[in-house]
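# Remarks on the overall topology
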Amino acid sequence: MLARPALDQLRDDCAKKEFEAVLISCPDRLARKYVYQEIVIEEIQKSEIEIIFLNRPIADTPEDRMLLGIQGLVAEYEKEKIRERSRRGKLHKAKKGLVVGGLAPYGYRYIRKTPERDGYYEIIQKEAKIIKQIFDLLIRDQMSARAIAKYLTVHQFPPPRRGKRWNNSTTRRIVTNETYAGTTYYNKRYSVETENSETSKYRRNKKNGRRMRPKDQWIPITVPAIISRRTWQLAQAQVKRNAELSPRNAKYRYLLQGLVFCSNCGSRYMGVPCREALFYRCSNRQRNFPLPPDCKVGSIKASTLESAVWGGVCEAIKNPELLMTQVEELKRKRATRAGALEGKIRKIELRISKVKYQEDRMLDAYTAGAVTLGQLRGQMDRIKQNKQQLEEEKKRLIEERNQGGSRATKERDIKEFCELAEERLESFEFQEKRKFLRLLVDKVWLEGDCVRIKGVIPVSSGMAKKKSNGNIAGITSL
Ligand SMILES: [Zn+2]
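Criteria and cut-off values
What you see as residue numbers is a count from 1 along each chain, following the sequence as written. Under the rules for a predicted model, residues below a pLDDT of 70 receive no local features and side-chain atom pairs below 80 are neither given nor counted, while totals for whole chains, interfaces and linings still include all residues. The side-chain quantities take in all heavy atoms of the structure and omit both hydrogens and water. In this scheme, strands are said to pair when DSSP sees at least two bridges between them. Helix and strand labels come from DSSP, where a helix needs a run of H or I of at least four residues and a strand needs a run of E of at least two; each type is numbered from the N terminus. Only rings of Phe, Tyr and Trp enter the pairing, Trp through its six-membered ring, and a pair is recorded when the two centres are within 6.5 Å. The plane angle decides the type: under 30 degrees is stacked, over 60 is edge-to-face, the rest tilted. Placement of a charge over a ring requires the Lys NZ or Arg CZ to be within 6 Å of the ring centre, with the centre-to-atom vector within 35 degrees of the ring normal. Nitrogen, oxygen and sulfur within 2.8 Å of a metal are treated as its donors, or within 3.2 Å for sodium, potassium and calcium (Na, K, Ca); water is not counted, so a site can appear incomplete. Under the classification used here, a metal with four donors is tetrahedral if each angle lies between 85 and 135 degrees, square planar if opposite donors are over 155 degrees apart and the others between 65 and 115, a six-donor metal meeting that same test is octahedral, and anything else is irregular. The buried label applies to any residue whose accessible area, calculated with a 1.4 Å probe on protein chains only, is under 20% of its type's maximum; exposed applies above 50%, and partly exposed to all values in between. Within this scheme, the nonpolar core is defined by two criteria: the residues are buried Ala, Val, Leu, Ile, Met, Phe, Trp, Tyr or Cys, and they are joined through side-chain atoms within 4.5 Å. Only residues whose relative accessible area exceeds 30% and that form no salt bridge are eligible for patches; like-charged ones are grouped when within 9 Å, while nonpolar side chains (Val, Leu, Ile, Met, Phe, Trp, Tyr) are grouped when within 5 Å. With residues, only the protein chains shown are counted as cover, and all accessible areas are computed by Shrake-Rupley using a 1.4 Å probe. Salt bridges are defined as contacts in which a side-chain nitrogen from Lys or Arg sits within 4 Å of a carboxyl oxygen from Asp or Glu. Only four residue types enter the charge count, namely Lys and Arg as positive and Asp and Glu as negative; His and the chain termini do not. Note that the charge is assigned to NZ on lysines, CZ on arginines, CG on aspartates and CD on glutamates. Each axis is a line fitted through C-alpha atoms, and for a helix only the stretch in contact is used; angles between axes span 0 to 180 degrees, taken between their N-to-C directions. Contacts between residues were defined by any pair of non-hydrogen atoms, one from each residue, lying within 4.5 Å.

## A word on the sheet that holds strand β10 (residues 269–274)
The antiparallel open sheet is built from three strands, whose spatial order is β10-β11-β12. One side of each edge strand has no neighbouring strand; the edge strands of this open sheet are β10 and β12 (300–301). Sheet topology places strand β11 (residues 277–282) next to β12; two bridges connect them, and they run antiparallel. Each bridged residue has a counterpart across the sheet, and for Phe 279 the counterpart in β12 is Lys 301.

## Details of the packing of aromatic side chains
Working definition: an aromatic ring pair is given by the centre-to-centre distance plus the angle between the planes. Within this structure, the stated rule accounts for 12 aromatic pairs. These aromatic residues form a ring-pair network of at least three members: Tyr 108, Tyr 110, Tyr 121, Phe 135 and Tyr 180. Here the basic side chain of Arg 117 rests over the ring of Tyr 120, its NZ or CZ set 3.5 Å away from the ring centre. Lying across the ring of Trp 218, Lys 188 places its NZ or CZ 5.0 Å from the centre.

## A look at the coordination of the zinc ion
Binding of the zinc ion to the protein goes through Cys 262 (SG), Cys 265 (SG), Cys 282 (SG) and Cys 295 (SG), at separations of 2.2 to 2.4 Å. Each of the four donor atoms around the zinc ion contributes to a set of angles spanning 97 to 116°, which defines the coordination as tetrahedral. Taken in sequence order, the residues that donate to the zinc ion follow the motif C-x2-C-x16-C-x12-C. Taken together, the positions of Cys 265 in the loop between β9 (260–262) and β10 and Cys 282 in strand β11 put the pair 17 residues apart, joining distant regions of the chain. Classification of Cys 265 as partly exposed rests on a relative accessible area of 31%.

## Focus on the nonpolar core
If you look at the biggest cluster of nonpolar residues, it comprises 36 residues, and the most contacted ones within it are Leu 256, Val 260, Tyr 280, Val 313, Ile 317, Phe 436 and Leu 437. When residues in this core are grouped by element, the largest group, eight residues, is from helix α12 (residues 302–318). Judged by nonpolar contacts, the second largest core, of 34 residues, contains Ala 128, Ile 131, Phe 135 and Leu 137.

## Comments concerning a positive patch on the surface
Taken together, the side chains of Arg 268, Lys 333, Lys 443 and Lys 454 make up a positively charged region of the molecular surface. Among the structural elements, Lys 443 can be located in strand β13 (residues 441–447). The partly exposed category is assigned to Lys 443, whose relative accessible area is 31%.

## Remarks on the pairing of β10
Examined bridge by bridge, β10 and β11 share six bridges and lie antiparallel to one another. Bridging across to β11, Tyr 269 finds its partner in Cys 282. In sequence, β10 turns back onto β11 through a hairpin of two residues, with Arg 275 there showing a positive phi of about 50°.

## Some points on the pattern of salt bridges
Summed over the entire model, instances satisfying the criterion amount to 19 salt bridges. A salt bridge links Arg 88 to Asp 8; its shortest N-O distance comes to 3.4 Å. Separated by 80 residues along the polypeptide, Arg 88 in helix α5 (residues 74–95) and Asp 8 in helix α1 (residues 5–15) bring together distant segments of the chain. Per residue, the accessibility class of Arg 88 equals that of Asp 8, and both read buried. Between Arg 396 and Glu 393 there is a salt bridge, with its nearest N and O atoms 3.2 Å apart. Highlighted residues: Arg 396 and Glu 393, both in helix α14 (residues 373–406), separated by three residues, approximately one helical turn. Salt bridges sharing common partners tie together Asp 8, Arg 11, Asp 12, Glu 43, Glu 84, Arg 87 and Arg 88.

## So, the sheet that holds β13
In spatial order, the strands read β9-β13-β14; together these three strands make up an open sheet with mixed pairing. In this open sheet, the two edge strands, each paired with only one partner strand, are β9 and β14 (450–455). Each strand axis lies, on average, 30° off the axis of its neighbour in the sheet, ignoring direction. One ladder, built from three bridges, connects β9 with β13; its direction is parallel. Across the sheet, residue Phe 261 finds its bridge partner in β13, namely Trp 445. Most of the contacts of α12 go to β14, to which it runs at about 50°, and overall it touches β9, β13 and β14.

## Brief notes about the environment of Met 324
By secondary structure assignment, the location of Met 324 is in helix α13 (residues 320–367). Separated by 87 residues in the primary sequence, Met 324 and Glu 411 have C-alpha atoms spaced 7.1 Å apart. Ignoring any residue separated from it by four or fewer positions in sequence, one finds Met 324 in contact with Glu 411 and Ile 414.

This is the structure we're talking about:
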């Protein structure tokens, strides 16, 4: 493409005659398209600056150009030249801070250039009033773009020019257009060929897709503002929130999706939208075919449950002592368990020694001639089998005991984790909250009016890890 910042710079510098010659390694580096090369070469030569291609001399004779097949390209060349001249003209205009193009957004009128004044945007007061109201509906009433469009239609606001009625794309465009806060941008997007262009090969303009340029290439132009900067910022925050709550974003709407369980029947709760609000409901109750639902527990409003769980988790993070009491209790339970295991191991050892005694007695009996070799073999096989079983049981118990011992949690690790998390908690958005809960919470049990949160604090490698993301890497990425 011709619209490249460095190439524009070169052409500007050529026009100012800042040097005598341009060295280009090969024509390909200048532009992939021959036509584009021609435009730039001709322009540079006009400024009486020499072009030197390092790999081959420039073709300058008509014959040479014929060979390159330029003739067939003349038409394309002219068209491209006009388009390019107009693009560069607009770019220069924008860089001077002037409004580009006659198509003003809703709320403004483009006043054409006169000998006294360059073209500019003028506010249409009647439309500006509606725009203010749209932002009001968005921020104060937290309406979605669709709801705003509906409201405007119902209340018979005149639709924008060229449009027959208000629809959500119109209102969405308005609430995301920074022009209304006093800054419009030129050079925000560029055209690309899309997959659709392939199928419609007879289209005149194949570049029917638009892509965003990086923000540092946007050229800001100041225009009269209709809303304040503060209103603009509030509006963008609300637009973001609306997107998160949008039905199109359904899989992200439930903060606790997959984490809530019914203590009545043990089934998982699922998210169920009901009119405007969201609910969690026991999935067992949802099932009603072929059998009637066998759990009668009521559903719970998502916002109620979510704020209770999030509040509980936050409280625990802010007061690590709360967690420590739980950890202490866990340790106590484990100690009791370890004690019980120890007792079992001792009993097994006793039984093993008894079996060994039996073995010795059998051998004594055989030596004394009290039993035959056949009897000895039968008895010894039975004893051996018995002994082997007991040894295996002992091994298993020892393993279980050792595992419990290595799970000890250090208080310092928990406090460290809580401090790390607390710093970030306040600034968490929905997605981050969801990620954070997934890391910590194993299950949320609903028991009537009570919520029990079971979780794991991923502090060190010795701790039990929850799923695969419950490791230290998970925390650092938060
Ligand atoms: Zn249930």
